[in-house]
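Next come the chains, spelled out residue by residue.
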Amino acid sequence: MRIVDLEIEDIAFGGKGVARDQGKAVFVPYTIEGELVSAEIVREKKQFAEAELVEVKQSSPDRVEPLCPYFGRCGGCAYQHISYEHQLAIKWRQVRDALQRIGKLKDVPLRPIIPSPKQYAYRNRITVHAQEGVIGFFRRDSHQLIDIEQCPISTDEVNRALTELRAQPYVRDGDYTLRASASSRVFSQTNDEVADALRGLVVNLVPPKQELLIDAYCGAGFFAKALLDKFERVIGIDWDKFAIAAAKQNATDKETYIASDVEEELASVSRNDGFLAVEGETRRLGSRHSLTLIVDPPATGLSADVRKTIVDLAPATLIYVSCNPPTFARDLRELQERFALESVTPLDMFPQTAEIEVAASLRVVPAS
Ligand SMILES: C[S@@+](CC[C@H](N)C(=O)[O-])C[C@H]1O[C@@H](n2cnc3c(N)ncnc32)[C@H](O)[C@@H]1O
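Here the structure is a predicted model, which is why all the values come from computation and not from measurement.

It is worth spelling out the packing of helix H6 (residues 304–313) against helix H7 (residues 325–335) at this point. Between H6 and H7, the least distance of the axes is 10 Å, while the angle of their chain directions is 40°. For the pair H6 and H7, the crossing hand works out as right-handed. Facing H6, whose interface residues are Ala304, Arg307, Lys308, Ile310 and Val311, H7 presents Arg330, Asp331, Glu334 and Leu335. Grouping the amino acids of the contact of H6 with H7 by side-chain chemistry returns 4 nonpolar, no polar and 5 charged.

The following block contains the structure:
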């Protein structure tokens, strides 16, 4: 295919540089805005093209040497060639752009991004794949496995677990999740220090002396348990029964955890005006005017039904934690009908990768 000279104009969500060739957008991984590069077009579509970097002809002052020997092939990291300060600037800008373009927000109350204290050696778990004796991660944009000996963004404990797995005489084909602490099989945040910052931020977003918290998509109660002092009652909902069992293990009288679908449970609270069936008992939850709702959905964001239910339910305070700014911005667009956005804080939970975490605080406004 053709080789073209390009000037990189921006970094798209997902981490690829964006340039224009005869008016058409061309995506080039491992570049930085402002750079002049030559690139080989490898896929040409009607609206855009994909290219591979051939040579950086004029490099950005933010270009740095990647630490990992697999960088450029492995699908995990996208930004090891960019200084950490500039990675943060790119992520902040991408959140702002998503909120303006997809969320249709004019004034974005966007706070500074919270950096990760560790820029490498922060991941407390990884999932590697094993296939015909090869153990590692998939190559970027493919299902071809790369054999990986060490992963520099993972903690020493995770890398030790990887070394042990690789040392086994026979490893059956499949996926292996390697964790820093052998503890739980349920969802846990990936970067301990930034997870602490996220939890502290969420705690600070909630005023003291509140009545009722519903922590939807609660996992093992990561937010709910940190907020016990501020609420008379806390209800967590997650459909992972192992996570709910873990949440119940050290639960106080204030806490109730339900292994169920958030969509169904929230719809039932909304339909029954504040009543919720918990383990066969129907319980009054209190007024929606005193309700705080936290949502921390998977990357797909909230379903259309959940969005509608939240608008109908109109909790006084809504905290939205997201690991995917585009779906978050899509959901905000609809939630703005009933809520005013007070703050959005990006967090760098995943340095060197293109992933971005955000936490937003919304307050209900009177129905129009
Ligand atoms: C991003 S994790 C958040 C977990 C938790 N807030 C934490 O910080 O540890 C998303 C969680 O949503 C749960 N989940 C996804 N879809 C769900 C649904 N429709 N109903 C209930 N739980 C769901 C998953 O089991 C997972 O625990």
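In this structure, Val128, Leu178, Leu198 and Val202 are the most contacted members of the largest nonpolar core, which totals 47 residues. At the level of elements, strand E7 (125–131), strand E8 (134–138), helix H2 (156–167), helix H3 (192–205), strand E12 (231–238), helix H4 (241–249) and strand E17 (317–322) are the ones that each hand at least two residues to this core. Ranked by residue count, the leading element in this core is H3, at 5 residues. Counting only domains with at least three residues in this core, you end up with domain 2 (125–179) and domain 3 (192–364). Apart from residues lying up to four places away in sequence, valine 202 is in contact with Phe223, Leu227, Ile294, Ile319 and Val321. Counting residues in each nonpolar core, the second largest holds 37 residues, with Ile235, Ile310, Ala329 and Phe339 among its members.

Next up on the list: H7. Among all positions in H7, only Pro325, Thr327, Phe328, Ala329, Asp331, Leu332 and Leu335 are buried. On its buried face, H7 sits against helix H1 (84–101), H6, E17, strand E18 (339–347) and strand E19 (357–364).

Looking now at the pattern of salt bridges. Per the counting criterion, the structure on display carries 21 salt bridges. Linking aspartate 21 and arginine 2 is a salt bridge whose minimum nitrogen-to-oxygen distance equals 3.1 Å. On the criterion of sequence distance, the pair formed by aspartate 21 in strand E3 (residues 17–21) and arginine 2 in the segment before strand E1 (3–7) is long-range, its members being 19 residues apart. Using a relative accessible area of 13% as the deciding quantity, one classes aspartate 21 as buried. Judged by relative accessible area, arginine 2 falls into the partly exposed class, the value being 35%. Where glutamate 35 meets arginine 63, a salt bridge forms, and the shortest distance between an N and an O atom there is 2.8 Å. With glutamate 35 in the loop between strand E4 (24–28) and strand E5 (36–44) and arginine 63 in the loop between strand E6 (48–58) and H1, this pair connects stretches of sequence that are 28 residues apart. Of the residues examined, glutamate 35 reaches a relative accessible area of 0% and is grouped as buried. Here the salt bridges share partners, and the residues they tie into one network are Arg2, Asp21, Lys24 and Glu44.

Taken together, the neighbourhood of the ligand is formed by 16 residues, with Gln189, Asp238, Asp261, Val262 and Asp296 sitting nearest. In the model, an oxygen atom of the ligand is placed 2.7 Å from a nitrogen or oxygen of the glutamine 189 side chain. Contact between the ligand and valine 262: a nitrogen atom at 2.9 Å from a main-chain N or O atom of the residue. Surface burial for the ligand is 88%, taken as the share of its 600 Å² of free accessible area covered by protein chains. Partitioned by chemical class, the residues of the shell around the ligand number 9 nonpolar, 3 polar and 4 charged.

Moving on, we come to the pairing of E12. Summarising burial for E12: 6 of the 8 residues are buried, a large majority. As paired strands, strand E11 (residues 210–216) and E12 are joined by 6 bridges and run parallel to one another. Note that in E12 the partner of leucine 212 across the bridge is arginine 233. In terms of handedness, the path from E12 via H4 over to strand E13 (residues 255–259) forms a crossover that is right-handed.

Before going further, it helps to examine the layout of surface pockets. One water molecule sets the probe size; rolling that probe over the atoms shows where empty space is left. If you add up the space inside the second largest pocket, you get close to 250 Å³. Of all the elements in the fold, those that place two or more residues in the lining of the second largest pocket are strand E2 (10–11) and H1. A total of 4 residues in the lining of the second largest pocket trace back to one element, the largest contributor, which is H1. By residue class, the composition of the lining of the second largest pocket is 7 nonpolar, 1 polar and 3 charged.

Basis of the calculations
Residues numbered from 1 in each chain as written. Predicted model: local features only at pLDDT ≥ 70, side-chain atom pairs only at ≥ 80, totals over all residues. Heavy atoms only, no water. Axes fitted to C-alpha atoms, helices over the stretch in contact; angles between N-to-C directions. Helix = DSSP H or I, 4+ residues; strand = E, 2+ residues; numbered from the N terminus. Left-handed = near helix turned anticlockwise from the far one by under 90°. Contact = heavy atoms within 4.5 Å. Nonpolar A, V, L, I, M, F, W, Y, C, P; charged D, E, K, R; others polar. Core = buried A, V, L, I, M, F, W, Y, C linked by side-chain atoms within 4.5 Å. Buried < 20%, exposed > 50% of the residue type's maximum accessible area, 1.4 Å probe, protein only. Domains from an automatic or database assignment. Salt bridge = Lys/Arg side-chain N within 4 Å of Asp/Glu carboxyl O. Near = heavy atom within 4 Å. Polar contact = N/O pair within 3.5 Å; in protein donor to acceptor, adjacent residues only side chain to side chain. Areas by Shrake-Rupley, 256 points an atom, 1.4 Å probe, with all protein chains shown as cover. Pairing = 2+ DSSP bridges. Right-handed = clockwise from strand over helix to strand, strands pointing away. 1 Å grid on protein atoms, 1.4 Å probe; cavity = no way out; pocket = protein on both sides within 12 Å on 5 of 7 lines; lining within 4 Å. Points joined across faces, edges and corners; volume = space filled by probe spheres on them.

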